[in-house]
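# An overview of the molecular structure
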Amino acid sequence: MANAAQVLEAFRVMTAHKSLSREDLHDLIKDGIYAALAKRYGPNVQAEIMIDEVKGTIDIVVLKEVVEDVVDPSREVSVNEARWDDPDFQVGDLLEIPVEFDDFGRTAVLAAKQRIIQRVREGERNRIREEFSDKIGELLSGEVQAIERGKLVVMLNVLREAEAIIPWREQNPRERFRQGEPIRAVLKKQEETPKGPRLILSRADPGFVAALFKLEVPEIYQGVVKIVDIAREAGGRTKIAVVSNDDAIDPVGACVGLKGSRVQAVVSELSGERIDIVPWHPDPEVYAKRALAPAKVAKVISAPERKVVTAIVDEDQLSLAIGRNGQNVRLASQLIGWQIDLYSSREWMERGAQSTLFRGLEEEEGVGDFPLKELDIPPAVLAALEAAGYETFMNIIDLERDEFLRIAGVDPDDADLLAKLVEELTIVEEPTELSAEVPPDAKPVATGGPFVESEEAEETVESGAAVEPAVAGSESAEAPDAEAEASAEVAAEAVGGVESAVEVEAGSELADETSSADAEVSLEVEPDERDS
């Protein structure tokens, strides 16, 4: 039985390599032997298999029922044939036929091998499904095993047998990886293929940023601080809205960390991608104003029935509100889930507010005019005014006391009375404010929809060709220098403790970390230099 001992030792090595239990090992051996017996005796063969790992032996006994007429030779034997071994056999008895392990031929051994390989693969696939079915959205680490036509093949640390890839569309355009480099990504989904389950990882999904913050910020991991919404354009910018379940903890300050250490660790992993952290608010108008940071919004008007927010900004804040290629307003709209229409205050005033104001005055003129005889004016004075052509209140509303004295029949006392009446009935116009109505001819400077554009098809690159993706956030006509300066300024506020818009509540546990947290924190870190 030397061959049996060698087989057992080979199975032990395979068990250790495939992380199989002792029971699984015995089941694999029995399945393989049953497959070999089926090749030799028939598909319905019955047998007893006893494995002794200490002695290194495998005992095999084929069982056949003694019958008068044989129907199934694989599990039955005739009474006459059984009596060749023992004359006492009767119909219904069970004949035991010992089988030596060395007696199996090449065909039987190949059948056993194929069955064992099949069982091992099925076990691996089931283990992969069970291991990762509840890990969607979690951060996984591994090593770049290969690069095939733009996609990265990753060997995971937690289970090396799992097939994991990062497709081209799920990669950050700023990044380049080489074979053998360590890599981290979020598990986006698990899909079935003819070869078994395949794990789709992503470094471009917003969930990757959320997983990194969960790793770096203990308050998020513990559930004290919650990431409510997140919008991202991989390689360019990310906006995150956070809220705290504890009034003593500032959610923005918790995510920034002492001198920006926590958020800088995330930015470094994202190769310098900018991150805006804003406090979440249930009011869409307040939420939209914060989401458009670093731009300062002058006025916000919401239309809940259409889920549209109209934001009005000053001229010097317009380029910041729009962002490069409309990125800022687009991400802000995705963050709050509403459409944002952006207007400049000058256009709003010139086209809308003033026209609305003047239209209102015209309406007041038509409605507020009335005959002078309805006023408490002496009959002689009223007759003098009518003789001079003044019959309604609007005819005399612009006249001064001296002009009343020039009318025949009006003395100084009458002029004083008329001037007093005009003053009492005239409404003083308040200073003009931004109208809450959309001007009829005004068009938004920029509009951001709440939904991300449809996913582009994955690029296929011929093997051996270099992949050169375009980096999101390229230079545009939307004043990139102004935006970069504002981002750097806000970053300095967050890290250095310069005055900012969000007040840190007294007694905050993180007051030392952020002496005054902003309504948003925008940090820009130079991307790590990677070899292309």
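Each value, and the rule that gives it
- The residue count restarts for each chain, going from 1 along the sequence in the order it is written.
- Totals for whole chains, interfaces and linings use all residues, but because this is a predicted model, local features are given only for residues with pLDDT of at least 70 and pairs of side-chain atoms are given and counted only at 80 or more.
- Values shown for side chains rest on all heavy atoms present in the structure; no hydrogens or waters enter the calculation.
- Three exposure classes are used, based on accessible area relative to the maximum for each residue type with a 1.4 Å probe and protein chains only: buried under 20%, partly exposed in between, and exposed over 50%.
- Numbering of helices and strands starts at the N terminus; helices are DSSP runs of H or I of at least 4 residues and strands are runs of E of at least 2.
- For the purposes of these results, a polar contact is taken to be a pair of N or O atoms within 3.5 Å, where, inside protein, one atom must be able to donate a hydrogen and its partner to accept one; residues adjacent in sequence count only when each atom of the pair is a side-chain atom.
- By definition, the arc is the one covered by directions from the helix axis to the C-beta atoms.
- Salt bridges are defined by distance alone: a side-chain nitrogen of Lys or Arg within 4 Å of a carboxyl oxygen of Asp or Glu.
- Without a salt bridge and with relative accessible area above 30%, a residue can belong to a patch; like charges are then joined within 9 Å and nonpolar side chains (Val, Leu, Ile, Met, Phe, Trp, Tyr) within 5 Å.
- Throughout, the Shrake-Rupley method with a 1.4 Å probe supplies accessible areas, and for residues the shown protein chains are the sole cover considered.
- For this count, His and the chain ends are skipped, Lys and Arg are scored as positive, and Asp and Glu as negative.
- Note on charges: their place is set at NZ of Lys, CZ of Arg, CG of Asp or CD of Glu.
- Working definition: a ring pair exists when centres of Phe, Tyr or Trp rings (six-membered ring for Trp) sit within 6.5 Å. Plane angles under 30 degrees give stacked, over 60 give edge-to-face, the rest tilted.

One turn of an α-helix holds 3.6 residues; hence residues three or four places apart share an orientation. Along helix α5 (residues 206-216), the positions that sit buried rather than exposed are F208, V209, A211, L212 and F213. Where α5 begins, the side chain of D205 points an oxygen toward the backbone nitrogen of G207, at a separation of 2.8 Å.

Moving on: helix α8 (residues 261-269). Within the sequence span of α8, burial applies to R262, V263, V266, V267 and E269. The buried residues of α8 occupy one face: seen down the axis, they fall within an arc of 160 degrees. Just beyond α8, the residue with positive phi is S271, at close to 60 degrees.

Applying the stated criterion across every chain, the model contains 16 salt bridges. As a salt-bridge pair, E76 and R75 come within 3.8 Å of each other at their nearest N and O atoms. By relative accessible area, E76 is classed as buried at 13%. E163 is the partner of R198 in a salt bridge, and the nearest nitrogen-oxygen pair spans 3.3 Å. With R198 in strand β9 (residues 196-202) and E163 in strand β7 (residues 163-166), this residue pair connects regions lying 35 residues apart in the sequence.

A separate point is a negative patch on the surface. Residues E81, D85, D86, D88 and D93 make up a contiguous surface patch of negative charge. Along the chain, D85 turns up in the loop between α3 (79-82) and β4 (94-99).

What follows deals with the packing of aromatic side chains. Going through the model one piece at a time under the given rule, you end up with 2 aromatic pairs. Their ring planes at 70 degrees and their centres at 6.4 Å tell us that W280 and Y287 sit as a pair that is edge-to-face. On the accessibility criterion, W280 (31% relative accessible area) is partly exposed. With centroids separated by 5.1 Å and ring planes inclined at 75 degrees, the aromatic side chains of Y343 and W348 adopt a geometry described as edge-to-face. When sorted by exposure, Y343 lands in the same class as W348, which is buried.

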